[in-house]
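Spelled out, the chains give:
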Amino acid sequence: MSSKADLIVGLQWGDEGKGKIVDHMAQSHDYVCRFAGGHNAGHTIVIGEDTYALHLIPSGVLNPNAKNVVGNGVVLSPKDFIIEMEQFDNLKGRLFLSDKAHVLLPYHALIDQARERMKGDKAIGTTGKGIGPAYGDKIARVGHRLGELLHPDKLTAKVIDFFAANEPIFTAMGVEAPQKEALLSELQGYKDILGEYITDTTQLMWEIMDADKKILLEGAQGTMLDIDHGTYPYVTSSTTVSAGACSGLGINPKDLGKVTGIAKAYCTRVGNGPFPSEDFGAEGNLLRKNGHEFGTTTGRPRRCGWFDAVAMRHAVRVNGVDQVALMKLDVLDGFAEVKVCVAYEVEGKEINYVPYDLEDAKPIYKSFAGWDQTEGARTFDSLPQTAKEYILAVEEMIGTKIGIISTSPEREDTIIR
Ligand code: GDP
Ligand code: IMO
Ligand code: MG
């Protein structure tokens, strides 16, 4: 008998509150594993007076009993990862980095920023961390894997050759070639710190499943940012949906257990691209203010709007969601009226699915009566009647159980239904 891995995925445009729920569930899991993305992610966890912003270290790190795996589907910046590690002094023996994960080097970030500048008003609004160029190199088969970090001299020669072969492109982008000696010493430094954590995590995943360990897979970003199923090209460069958990860790679809999809009770997006239920007026501003909607990774103000039931149905189906965790319900406290986008109007026609291009989709809303306060509620019964009605109506619209409701950033302010 081998265990099945429970999965957490974002259902909107990221920042849904995955970190809080991963941390909550990590209390009852032995391993927490990241399978996609890089340090573009920012997962916030609040424990009492302390707030942690994790970018690539799995959110299980805050549970001393949980071990943490960074899978092959991730792109890892050694420089930034090492800075993130410095917050913790108990990582030895509880952190495993895939030798097949791809290495993100400083030049990837420079290329990312140069491309964004060149796009002008068509910019994606990336985090500027180098995610697209690192995944681009992986797919073009010119990337570097973490296992190569164990041989800094060979990796240095490979990077130098790569720059020499592509000199005109780098020159056009204003990205300077690294100096051989400096690069070697940089890579040697990474090896000295990260070397002991680099391993074959595919074998590890199989071993821990066979040992019947409880495993939680931590998604990053959100379904609408998925490279295939999101609002391309305004997306990230990885497979953020549940299928990515398999390829990003070397497990098979039958290894997956319960899928929990994370969604805010409203919607936000950082960066550019379509967002049909965005509210440009006073209510959008109030959502931003009440929800402290400023990015964990870049500090950018998040665009805010109403819950989009059409995009949510798409996300539920793509991910095979068993239950939804509805986050930040408290942010809607005090609104006289709460809206839900129930369909789109595209070229004069009403549609109830996510079309090829969301750019010209106009939201069709249904309104619900608001409520005074849900903040800090820990039972469904204690919620105001109108908040219960809103949740039950959303549940019906998306055809999936809302099994978890979150009413503050704190671990304990979580309703399990
Ligand atoms: P993630 O990327 O999906 O992990 O989400 P982020 O951490 O980027 O953003 C979610 C933000 O909402 C964080 O600041 C959390 O502390 C906060 N948060 C999570 N759940 C709740 C909630 O139920 N209510 C409120 N008010 N804040 C929450
Ligand atoms: P978490 O895991 C929100 C967005 C960026 C940009 C687009 C592409 O915290 O939910 P990239 O740097 O990945 O090439 O940028 O994707 N983005 C996120 N938005 N939350 C995230 O992660 C994000 N990761 C990337 O803002 O629009
Ligand atoms: Mg985030």
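Rules used throughout
Residues numbered from 1 in each chain as written. Chains lettered and ligands numbered in written order. Predicted model: local features only at pLDDT ≥ 70, side-chain atom pairs only at ≥ 80, totals over all residues. Heavy atoms only, no water. Near = heavy atom within 4 Å. Polar contact = N/O pair within 3.5 Å; in protein donor to acceptor, adjacent residues only side chain to side chain. Areas by Shrake-Rupley, 256 points an atom, 1.4 Å probe, with all protein chains shown as cover. Donors = N, O, S within 2.8 Å, 3.2 Å for Na, K, Ca; no water. Helix = DSSP H or I, 4+ residues; strand = E, 2+ residues; numbered from the N terminus. Buried < 20%, exposed > 50% of the residue type's maximum accessible area, 1.4 Å probe, protein only. Axes fitted to C-alpha atoms, helices over the stretch in contact; angles between N-to-C directions. Parallel < 35°, antiparallel > 145°, perpendicular 65-115°, else oblique. Left-handed = near helix turned anticlockwise from the far one by under 90°. Contact = heavy atoms within 4.5 Å. Core = buried A, V, L, I, M, F, W, Y, C linked by side-chain atoms within 4.5 Å. Nonpolar A, V, L, I, M, F, W, Y, C, P; charged D, E, K, R; others polar. Phe/Tyr/Trp six-rings, centres within 6.5 Å; stacked < 30°, edge-to-face > 60°. Expected span 1.5 Å × (residues − 1). Pairing = 2+ DSSP bridges. Patch = residues over 30% accessible without salt bridge, like charges linked within 9 Å, V, L, I, M, F, W, Y side chains within 5 Å. Salt bridge = Lys/Arg side-chain N within 4 Å of Asp/Glu carboxyl O. Lys, Arg positive; Asp, Glu negative; His and termini not counted. Charge placed at Lys NZ, Arg CZ, Asp CG, Glu CD.

A. Summary view of the site of ligand 2. Taken together, 20 residues lie around ligand 2, and Asp15, Lys18, His43, Thr127 and Thr236 are the ones closest in. Side-chain polar atom of Asn40 to an oxygen atom of ligand 2: 2.9 Å apart, as the coordinates give it. Residue Thr127 places a side-chain N or O atom 2.6 Å away from an oxygen atom belonging to ligand 2. Bound to the protein, ligand 2 loses 97% of the 560 Å² it would expose on its own.

B. Broad picture of the coordination of the magnesium ion (ligand 3). Around the magnesium ion (ligand 3), the protein contributes the donor atoms Asp15 (OD) and Gly42 (O), at 2.0 to 2.1 Å from the metal centre. Taken together, the residues span a long stretch of sequence, with Asp15 in the loop between β1 (5–10) and α1 (18–26) and Gly42 in the loop between β2 (31–34) and β3 (43–47) at a distance of 27 residues. On the basis of relative accessible area, Asp15 is assigned to the partly exposed category, the value being 22%.

C. Geometry of the packing of helix α5 (residues 152–165) against helix α7 (residues 180–194). At their nearest, the axes of α5 and α7 sit 9 Å apart, and the two run at 135° to each other. Classified by the angle their axes make, α5 and α7 are oblique. For α5 against α7, the interelement crossing comes out right-handed. Packed against α5, whose contacting residues are Pro152, Asp153, Leu155, Thr156, Val159 and Ile160, the element α7 presents Lys180, Leu183, Leu184, Leu187, Gln188 and Lys191 at the interface.

D. Structural view of the nonpolar core. In terms of nonpolar packing, the biggest core is built from 57 residues, with Met205, Ile215, Leu217, Phe307, Leu332, Tyr390 and Ile391 touching the most fellow members. If you tally residues by element for this core, the top one is helix α12 (residues 385–398), at seven residues. Counting residues in each nonpolar core, the second largest holds 37 residues, with Leu62, Phe170, Tyr190 and Ile198 among its members.

E. Region of interest: the site of ligand 1. As a matter of local geometry, ligand 1 sits amid 20 residues, with Gly17, Lys18, Thr44, Asp330 and Ser406 nearest to it. Separating an oxygen atom of ligand 1 from a side-chain N or O atom of Arg302 is a distance of 3.3 Å. In the model, a nitrogen atom of ligand 1 is placed 2.7 Å from a nitrogen or oxygen of the Asp330 side chain. Within the complex, 91% of the 580 Å² of free accessible area of ligand 1 lies under protein. Of all the secondary structure elements, the ones that give two or more residues to the shell around ligand 1 are α1 and β3. Its residues assigned to classes, the shell around ligand 1 comprises four nonpolar, nine polar and seven charged.

F. How the structure looks around the packing of aromatic side chains. This model, assessed by the stated rule, comprises 11 aromatic pairs. Ring centres 4.1 Å apart and planes at 20° place the aromatic pair Phe163 and Phe170 in the stacked group. Like Phe163, the residue Phe170 is buried in the burial classification. Consider the rings of Trp371 and Tyr390, whose centres lie 5.5 Å apart with planes at 50°: the pair is tilted. With a gap of 19 residues between them, Trp371 in the loop between β17 (362–369) and α12 and Tyr390 in helix α12 connect regions that are remote in the sequence. As far as burial versus exposure is concerned, Trp371 and Tyr390 are alike and both buried.

G. Broad picture of helix α3 (residues 106–119). Taking 1.5 Å of rise per residue, 14 residues should cover 20 Å, and α3 covers 21 Å from first to last C-alpha, within 8% of that figure. What α3 keeps buried is the set Tyr107, His108, Ala109, Ile111, Asp112, Ala114 and Glu116. Looking at the packing, one finds that the buried side of α3 touches β8 (102–103), α4 (131–139), α5 and α6 (167–173). Just downstream of α3 lies Gly120, where phi reads positive at about 60°.

H. Structural context of the packing of α3 against α4. Between α3 and α4, whose axes approach to 7 Å, the crossing angle comes to 115°. Regarding the angle of α3 to α4, the classification is roughly perpendicular. For α3 against α4, the interelement crossing comes out right-handed. On the side of α3, the interface is formed by Tyr107, His108, Ile111, Asp112 and Arg115, while α4 contributes Ile131, Pro133, Ala134 and Asp137. Within the contact of α3 with α4, the residues separate by chemical class into five nonpolar, one polar and three charged.

I. The arrangement of the sheet that holds strand β10 (residues 215–218) in detail. Here we have 10 strands laid out as an open sheet, ordered β9-β7-β5-β2-β10-β1-β11-β14-β18-β19, and mixed in their pairing. Looking at strand neighbours, the two that pair on one side only are β9 (198–199) and β19 (414–416), the edges of this open sheet. In the sheet, strand β5 (residues 67–70) pairs with strand β7 (residues 95–98) via three bridges, with the strands oriented parallel. Across the sheet, Val70 pairs through a bridge with Leu97, a residue of β7. Where α12 meets the sheet, it contacts β14 (323–327) and β18 (401–406), and its direction lies at approximately 140° from that of β18.

J. Region of interest: a negative patch on the surface. A cluster of like negative charges, contributed by Glu347, Asp357, Glu359 and Asp360, occupies part of the molecular surface. Position of Glu359 relative to the elements: it lies in the loop between β16 (349–351) and β17. Take Glu359: its relative accessible area is 46%, and that puts it in the partly exposed class.

K. Representation of the pattern of salt bridges. Applying the stated criterion across every chain yields a total of 11 salt bridges. Because the salt bridges share partners, they merge into one network encompassing Asp15, Lys264, Glu293, Arg302 and Lys328.

L. Representation of the pairing of β18. Along β18, five of the six residues are buried, which leaves the element largely enclosed by surrounding structure. Looking at chain direction, β14 and β18 are connected through four bridges and run parallel. If you follow Leu326 over to β18, its bridge partner there is Ile405. Relative to β19, β18 runs antiparallel, the two sharing three bridges.

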